[in-house]
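Coordinate analysis (summary)
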Amino acid sequence: MLEVRSMSKNFGGFTALNDLNLRIEKGQIHALIGPNGAGKTTLFNLISGSVPPSSGEIVFLGKKITGSRPHKRARLGIGRTFQNIRLIRTLTARENVMLGCHCWTKAGMWSSFFSSPIRPSAEESEIRRCADGYLEFVGLGHRADMWPHALAYGEQRRLEIARALSMEPKLVLLDEPAAGMNPQETQELNTLIRRIVDFGKTILLIEHDMKMVMDIADRITVINYGQKIAEGTPLEVRTNRAVIEAYLGEGE
Amino acid sequence: MFSEYTESLFIMAGINIILGFSFYFPRSAGMFSMAQGGFMAIGAFISAALTVKLGMPFYPALLIGGIVAGIVGVIAGFPALRIKGVYLLLLTLGISEVIRIFFLNFSYTGGVAGLGGIQLHTNLWNVYFTVAILVYFFHRLAPTRMGRAIAAIGEDEEAAEMMGIDLTVTKLQVFGISAAMSGLAGGFYAHYSLYITSDNFGVAKSLEILLPVLMGGTEVFWGAILGSFVTTFVPEWLRFIQPYRMMIFGFIIVVMMILRPQGLVDRSLVSSIGLRLRSIRLLWFPRPAP
Ligand SMILES: Nc1ncnc2c1ncn2[C@@H]1O[C@H](COP(=O)(O)OP(=O)(O)O)[C@@H](O)[C@H]1O
Ligand SMILES: [Mg+2]
């Protein structure tokens, strides 16, 4: 589904990612773990196209997308959430989710001027139905008309997930969705992520806390200092020497 | 209905509202444009040349002036796409001057001498009809696909792009439409002041436009409306203290910028007054039957 080939990224003289290769298979939950500053978010930015790579290639669904603009990639089916929540504050929760529908709808500025002021257009109703559906799906149906900043932290994270899903992506990039959540919320989040995969989506999940991904990830890639240090099933990764030294030793 | 004097103030305020909208619109998509004074010149000179030199009726001439300004706006928008902040401000100031100096040297529309002999066509009705149409436009745009896209771009264009929003197309459209608004305001201005020179426009005009919109606020389009009325009428009400009136007006502005830097009208004020009442919005989005 997604292939990242010898990807490198330098910021000035600093190497955030160094010759990284990654393959993500359809229908899997692929976790990307590594300590803070390892380059995980940078890899997400490279995949969704907000920063250009220093070298390397990205192939998505058999197409090279290395040079294409972020909105093109979104339309091809790459949706994402952000580590530092980036909801639009001037739009309600529902409108934020409706924003995600932008990439598969068409209405232009003129059509809003000429459309009926009383009845929404067919497309607008469709967008709204879709948004309400995903709000319900992440358990925020009752929060639809609230401003994002009025929501609890965990709810904001779930709202970001709903927005990413409303893009109808094939690949969903989740950047530390559990950050700041309590254990119970994290548990619910895991259930939610599994349900997303059941819908036929593929997930690339960044997680700082290794324990959390052990029971939901099909495959785990561990990076440190911009380099891949291990990859495999949760069991393989857990018993990998390099991982234990570089990662697990750190915080325990 | 009003005295001639009051009417003239209302007409000037109306033209300023249209100009304020043309500044607010790109602002809402995160673009601070100082080119509006230039786009206004295009609308003014083109529509006036059409009515004076070719004897065209006013309304088609006004529209053509607006459309040409809009087209120039789209072209001028290209270099503005990737530039932000103070650089965009300087670039758009430059565009404004380039257009002004073009008309200074363009002999067909009068060159240095300016263009006179324009007939009076601007009145309360056509100015405020235009204002009403633009209010309707903004009001309808907000709860639709492109309205949400513009709000997203205005706040976080990088995130917006990753949500699938085409920044190039959207920003150019916004820039072009706002330039067309300036062009319409220019057409009204020309057919009200009856004599125009390039000195009426350019950077000086852009700065003049800025005052009412900054005073009223740029978060919501209502700010341009209130700001235009305040900056048109308050100096007139202060006439009785003749020598000091502009000084006192300047003082009011300074105090206001300290106490309320976001302008008189901001988003929270509008939502508390209820101009964007949930119940009204629900009218537009009746829940689909289960
Ligand atoms: N836009 C940027 N400019 C400069 N340095 C950056 C930029 N983005 C990330 N970095 C640096 O790259 C490194 C990796 O960051 P990041 O990918 O956010 O790590 P992670 O998500 O794994 O915690 C950090 O040291 C960070 O400071
Ligand atoms: Mg990160």
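As the structure is a prediction and not an experimental result, all values here were calculated from the model. (Residues numbered from 1 in each chain as written. Chains lettered and ligands numbered in written order. Predicted model: local features only at pLDDT ≥ 70, side-chain atom pairs only at ≥ 80, totals over all residues. Heavy atoms only, no water.)

1. Overview of the coordination of the magnesium ion (ligand 2)
Residue and element names in this part refer to chain A. Protein coordination at the magnesium ion (ligand 2): the donors are Thr-41 (OG1) and Gln-83 (OE1), at 2.0 to 2.1 Å from the metal. Of the two residues, Thr-41 sits in helix H1 (residues 40-48) while Gln-83 sits in the loop between strand S6 (78-80) and helix H3 (93-100), which places them 42 residues apart along the sequence. Accessibility expressed as a relative area gives 28% for Gln-83, which makes it partly exposed. (Donors = N, O, S within 2.8 Å, 3.2 Å for Na, K, Ca; no water. Helix = DSSP H or I, 4+ residues; strand = E, 2+ residues; numbered from the N terminus. Buried < 20%, exposed > 50% of the residue type's maximum accessible area, 1.4 Å probe, protein only.)

2. Some points on the domain arrangement of chain A
All names here are of chain A. Annotation of chain A at the domain level lists domain 1 (1-77 + 169-252) and domain 2 (86-168). For domain 1 versus domain 2, the distance between C-alpha centres works out to 26 Å. Taken together, the contacts link 19 residues of domain 1 with 13 residues of domain 2. Per-residue buried area on domain 1 facing domain 2 is highest for Arg-75, Pro-169 and Leu-192; these three make up 32% of the total on that side. Across the contact surface, domain 1 and domain 2 share zero salt bridges. When contributions to the side of domain 1 that touches domain 2 are tallied by element, the ones reaching two or more residues are helix H2 (70-76), strand S7 (171-175) and helix H7 (183-198). (Domains from an automatic or database assignment. Contact = heavy atoms within 4.5 Å. Buried area = accessible area lost by both parts, 1.4 Å probe. Salt bridge = Lys/Arg side-chain N within 4 Å of Asp/Glu carboxyl O.)

3. Concerning the site of ligand 1
Residue and element names in this part refer to chain A. Around ligand 1, the surrounding shell consists of Phe-11, Phe-14, Ala-16, Pro-35, Asn-36, Gly-37, Ala-38, Gly-39, Lys-40, Thr-41 and Thr-42. Within the backbone of Lys-40, one N or O atom sits 2.8 Å away from an oxygen atom of ligand 1. A distance of 2.7 Å separates an oxygen atom of ligand 1 from a polar side-chain atom of Thr-41. Burial of ligand 1 by the protein amounts to 61% of the accessible area it has alone, namely 560 Å². (Near = heavy atom within 4 Å. Polar contact = N/O pair within 3.5 Å; in protein donor to acceptor, adjacent residues only side chain to side chain. Areas by Shrake-Rupley, 256 points an atom, 1.4 Å probe, with all protein chains shown as cover.)

4. Thoughts on the sheet that holds strand S9 (residues 219-224) of chain A
Residues and elements named next belong to chain A. Pairing is mixed across the open sheet formed by six strands, whose spatial order is S6-S7-S8-S3-S9-S10. Each edge of the sheet is formed by a strand with only one pairing partner; in this case those strands are S6 and strand S10 (227-232). The mean angle between the axes of side-by-side strands here comes to 20°, regardless of whether they run parallel or antiparallel. Summarising the sheet, strand S3 (residues 29-33) and strand S8 (residues 202-207) pair through five bridges and their orientation is parallel. Of the residues in S8, the one forming a bridge with Ala-31 is Leu-205. Packing of H1 onto the sheet brings it into contact with S3, S6, S7, S8 and S9, and relative to S7 it is tilted by some 150°. Sitting on the sheet, helix H6 (residues 153-166) touches S6 and S7, and the angle it makes with S7 is about 160°. (Pairing = 2+ DSSP bridges. Axes fitted to C-alpha atoms, helices over the stretch in contact; angles between N-to-C directions.)

5. Looking at H3 of chain A
Most of H3 of chain A is tucked away, with eight of its eight residues classed as buried. Taken as a whole, H3 of chain A has its buried residues at Ala-93, Arg-94, Glu-95, Asn-96, Val-97, Met-98, Leu-99 and Gly-100 of chain A.

6. Re the pattern of salt bridges
A side chain of one charge can pair with a side chain of the opposite charge when the charged atoms of the two come close. In this structure the tally under the stated criterion is 23 salt bridges over all chains. Glu-126 of chain A serves as the salt-bridge partner of Arg-129 of chain A, at 3.9 Å between the closest nitrogen and oxygen. With Arg-129 of chain A and Glu-126 of chain A both in helix H5 (residues 122-137), this residue pair falls three residues apart, about one helical turn. Look at Glu-126 of chain A and you get partly exposed, because its relative accessible area is 39%. Between Asp-199 of chain B and Arg-100 of chain B there is a salt bridge, with the nearest N and O atoms lying 3.5 Å from each other. Separated by 99 residues along the polypeptide, Asp-199 of chain B in the loop between helix H7 (167-193) and helix H8 (202-216) and Arg-100 of chain B in helix H4 (residues 85-105) bring together distant segments of the chain. Residue Asp-199 of chain B is classed as exposed on the basis of its relative accessible area of 56%. Accessibility expressed as a relative area gives 17% for Arg-100 of chain B, which makes it buried.

7. Overview of the sheet that holds strand S5 (residues 63-64) of chain A
All names here are of chain A. Strand order across the open sheet formed by four strands is S2-S1-S4-S5, with antiparallel pairing between neighbours. Sheet topology places strand S2 (14-24) and S5 at the edges, where each strand pairs with a single neighbour. Judged from the two bridges that link them, strand S4 (residues 55-60) and S5 form a sheet pairing that is antiparallel. Each residue of the ladder has a partner; that of Val-59, found in S5, is Lys-64. The strands that H1 touches are strand S1 (2-11), S2 and S4; relative to S1, the one it contacts most, it runs at about 115°.

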